[in-house]
Amino acid sequence: MSLVFEKISKSFGPVRALEDVSFEVRPGECRALYGGNGSGKSTVAKIASGTFAATAGRVMIGNTALAPASPATARNLGVGITFQELSLIPDLSVGDNVVIGSVPTRYGLFQNRSKAREMARAELEKVKLGHLADWRVDALQTGEKYLVELAKAMFLKPKFLIIDELTATMHASEVGIFAGLLDAHLKSGGSAVFVSHRLPELRRFCSTISVLRNGRLVFDGVLSEVSDKDLVVWAGGDDASEVPELRLPHAQSTTMVELRQLRPFHWSKPMDLTLYKGEIVGIGGLPDQGQKPLLRLLAGLAPPKNGETVTLDSEELPVGSAVAVAQKGVAFVTGDRDEVVFVRRPIRENMLAPFLAMRGRKLPDDQTLIAALAQLSTRYSSLDAPMNSLSGGNQQKILIARCLLLNPKLIVAEDSTKGIDVSARNDVHHLLREMAHRQDASVIVTSSDDLELAELCDRVLVMENGAVIADLRRAEGRLTTEAIVSSYMRQKKAA
Ligand SMILES: Nc1ncnc2c1ncn2[C@@H]1O[C@H](COP(=O)(O)OP(=O)(O)OP(=O)(O)O)[C@@H](O)[C@H]1O
Ligand SMILES: [Mg+2]
């Protein structure tokens, strides 16, 4: 049985999100759905899963039309989905999130609670998170939340799996878990639609590809027959090789940040860290090795616990207050938009929020906001449009643009290019280098994608269990993806 999109169009008021889109996914096939930010991929995913009804056209599953469009209809026809913006309830347990909506409840309570728990735990074991079944979802790391989203979709044993940007914040080790599940799903005759901006992942998982540009299908064919360059250009982006490389020789001379006595975990030894002006430093390693406490302390989001001190440009940084830290010149970009975005409020308000929080800062006018958004080719209708009318990648661009407008001395970026398309990611890297080299700012970043760290940074510190275990410098020719991966894998094997 195939999943077939027949001449699907979808409008949101005046916005034409999809126009006349047709493709087919056969049993055992994993089809890549590729395109720039705002090209219509999530809209396809939501129509296939009955979340949205198409404005025209129909979705066929075998000989049956997905009608009337509703999540229940799609589920009954065997469609499972993982949502780009997650469908989990943050203050429920991980286990309850997996089974909710799938096992009987009365007045919102599971009728057979212990059975429901057992089933949830068994599903979570498949994504190696069985031990977290009783945790609240909001206590998890971002990559873990996406694995729970996957377990929730797989719990219903779908025939057709729609995967929308599941891996965007997943570390290589987490992508490996997904890969195993996907493989078993396809081998048993299931099929999948896989959405990602990571080209190596498309090549690893998919045999066929549909490319969208401005809501229209511009290519449909066999993936091995097309080059990465073709894909990026068809999606409407610049060929990455044409983006001028701004990588000036970087002399470590003037200190920007001096961090003393940080213990990322209560058991770890205190660590010190110096960041120089004009330097982009990446913090790598397996997930959850202390990267988050480090970045969060610098961003003023984690109160100092053990007498840590931080100076910024020779002045003491009032860590423990995000606003006070921002006043001193620190800008933070999160990889977890839920934390900092007012989804129903206009773009303008979201961009001005950090300026409003800081006394004495002049508010940028609309022209300045528009120019900042244009630098990243952001797709939006007007500054008055609510954030949730933008595609995921375009929301992320708003956060980066507002960070650059703050003209910071230190940029703290946590998986900041999550869900951003290939050509915009190059633009973000270029802008960060510009901030570093032209304005002498320091940048500290984490990324779930080791390749991104190797491309962007002057230096990568690999963390393990709350300590730095490797210091890889571009100037010494030691900064490659392989070097990052082998330093944390070697450590893991030795343990
Ligand atoms: N609820 C909505 N209201 C208004 N416009 C919307 C809504 N949802 C999506 N759109 C618009 O539809 C278009 C396609 O968005 P979609 O989310 O499908 O893009 P995408 O390809 O998934 O992008 P990304 O790579 O950034 O996730 C965009 O122009 C977006 O602004
Ligand atoms: Mg999307």
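A quick note: this is a predicted structure, and the numbers were derived from the prediction, not measured.

Applying the stated criterion across every chain, the model contains 28 salt bridges. One salt bridge connects K126 with E123, and the closest N-O pair in it is separated by 3.4 Å. Of the two residues, K126 and E123 are both situated in helix α4 (residues 113-126); the distance of 3 residues between them amounts to about one turn of the helix. Overall, the relative accessible area of 5% leaves E123 in the buried class. For R425, the salt bridge is made with D449, and the minimal N-O distance between the two is 3.2 Å. Here the residue R425 occupies a position in helix α14 (residues 422-439), and D449 occupies one in the loop between β20 (442-446) and α15 (450-456), the gap between them amounting to 24 residues. With relative accessibility at 15%, the residue R425 sits in the buried group.

Here we come to the domain arrangement of the protein. Each domain of the protein was delimited in the assignment, giving domain 1 (3-236) and domain 2 (255-494). On a C-alpha basis, the centres of domain 1 and domain 2 stand 28 Å from each other. At the junction of the two partners, domain 1 supplies 24 residues and domain 2 supplies 25 residues. Where domain 1 abuts domain 2, roughly 2000 Å² becomes buried across the two surfaces, and 47% of that area is made up of carbon and sulfur atoms. Here domain 1 and domain 2 share 0 salt bridges between them. Joining domain 1 to domain 2, the criterion identifies 11 residue pairs in polar contact (both at pLDDT 80 or more). The set of elements that each furnish at least two residues to the side of domain 1 that touches domain 2 consists of α5 (142-154) and α6 (172-187).

Moving on, we get to the coordination of the magnesium ion (ligand 2). Looking at the magnesium ion (ligand 2), one finds its protein donor set to be S42 (OG) and Q84 (OE1), positioned 2.1 Å from the metal centre. With S42 in helix α1 (residues 41-48) and Q84 in the loop between β6 (79-82) and α3 (94-99), the pair connects residues that are 42 residues apart, well separated along the chain.

This part is about the packing of aromatic side chains. Under the criterion given, the structure shown has 7 aromatic pairs. A ring pair is formed by F219 and W234, whose centres lie 4.4 Å apart and whose planes are at 15°; its orientation type is stacked. Pair noted here: F219 is in strand β12 (residues 216-222) and W234 is in helix α8 (residues 228-234), with a separation of 15 residues, a long-range link. Taken together, a centroid distance of 4.6 Å and an interplanar angle of 10° make the contact between F265 and W267 stacked. A residue is classified by how much of its surface remains accessible, and F265, at 16% relative accessible area, is buried. Three or more aromatic residues joined by ring pairs form one cluster here, namely F178, F194 and F205.

This part covers the packing of helix α11 (residues 347-357) against helix α13 (residues 392-405). Contact geometry for α11 and α13: axes closest at 9 Å, N-to-C directions at 40°. The crossing of α11 and α13 is right-handed. Along the contact surface, α11 presents I347, N350, M351, A353, P354 and F355, while α13 presents I398, A401, R402 and L405. In the contact of α11 with α13, the residues fall into 8 nonpolar, 1 polar and 1 charged.

Spatially, 4 strands are ordered β14-β13-β16-β17 in an open sheet, and the strand pairing comes out antiparallel. Every interior strand has two partners, whereas the edge strands, β14 (271-276) and β17 (315-316), have only one. The sheet contact formed by strand β13 (residues 255-262) and strand β16 (residues 309-312) spans 4 bridges and is antiparallel. Across the sheet, the residue bridging to R260 is T309, located in β16.

Glancing now at the packing of helix α12 (residues 366-375) against α13. At a minimum axis separation of 9 Å, α12 and α13 run at an interaxial angle of 120°. In terms of orientation, α12 and α13 fall into the oblique class. The way α12 lies across α13 gives a crossing that is right-handed. Every residue of α13 that contacts α12 at T368, L369, A372 and L373 is listed here: I398, A401 and L405. Its residues assigned to classes, the contact of α12 with α13 comprises 6 nonpolar, 1 polar and no charged.

Given 3.6 residues per helical turn, the α-helix brings residues three or four places apart onto the same face. The buried count for α1 comes to 7 of 8 residues, which makes it a mostly enclosed element. What α1 keeps buried is the set K41, S42, T43, V44, A45, I47 and A48.

Let us now look at the site of ligand 1. Taken together, 19 residues lie near ligand 1, and K41, T43, S389, S391 and G393 sit nearest. Here S39 contributes a backbone N or O atom positioned 3.2 Å from an oxygen atom of ligand 1. In the environment of ligand 1, an oxygen atom lies 2.9 Å from a nitrogen or oxygen atom belonging to the backbone of S42. Listed by contribution, the elements that provide at least two residues to the shell around ligand 1 are α1 and α13. By residue class, the composition of the shell around ligand 1 is 3 nonpolar, 14 polar and 2 charged.

Here the focus is the side chain of E201. When you line up the elements, E201 lands in helix α7 (residues 199-205). Overall, E201 belongs to the buried group, its relative accessible area being 8%. Among the polar contacts listed, one links the side chain of E201 to the side chain of R198, at a separation of 2.9 Å.

This part is about the layout of surface pockets. If a probe the size of a water molecule is rolled over the atoms, the empty space left behind becomes visible. Quantified by volume, the second largest pocket comes out at close to 700 Å³. A class-by-class count of the residues in the lining of the second largest pocket yields 12 nonpolar, 9 polar and 13 charged. Composition of the lining of the second largest pocket by domain shows at least three residues from each of domain 1 (3-236) and domain 2 (255-494).

So, how was this worked out
Residues numbered from 1 in each chain as written. Chains lettered and ligands numbered in written order. Predicted model: local features only at pLDDT ≥ 70, side-chain atom pairs only at ≥ 80, totals over all residues. Heavy atoms only, no water. Salt bridge = Lys/Arg side-chain N within 4 Å of Asp/Glu carboxyl O. Helix = DSSP H or I, 4+ residues; strand = E, 2+ residues; numbered from the N terminus. Buried < 20%, exposed > 50% of the residue type's maximum accessible area, 1.4 Å probe, protein only. Domains from an automatic or database assignment. Contact = heavy atoms within 4.5 Å. Buried area = accessible area lost by both parts, 1.4 Å probe. Polar contact = N/O pair within 3.5 Å; in protein donor to acceptor, adjacent residues only side chain to side chain. Donors = N, O, S within 2.8 Å, 3.2 Å for Na, K, Ca; no water. Phe/Tyr/Trp six-rings, centres within 6.5 Å; stacked < 30°, edge-to-face > 60°. Axes fitted to C-alpha atoms, helices over the stretch in contact; angles between N-to-C directions. Left-handed = near helix turned anticlockwise from the far one by under 90°. Nonpolar A, V, L, I, M, F, W, Y, C, P; charged D, E, K, R; others polar. Pairing = 2+ DSSP bridges. Parallel < 35°, antiparallel > 145°, perpendicular 65-115°, else oblique. Near = heavy atom within 4 Å. 1 Å grid on protein atoms, 1.4 Å probe; cavity = no way out; pocket = protein on both sides within 12 Å on 5 of 7 lines; lining within 4 Å. Points joined across faces, edges and corners; volume = space filled by probe spheres on them.

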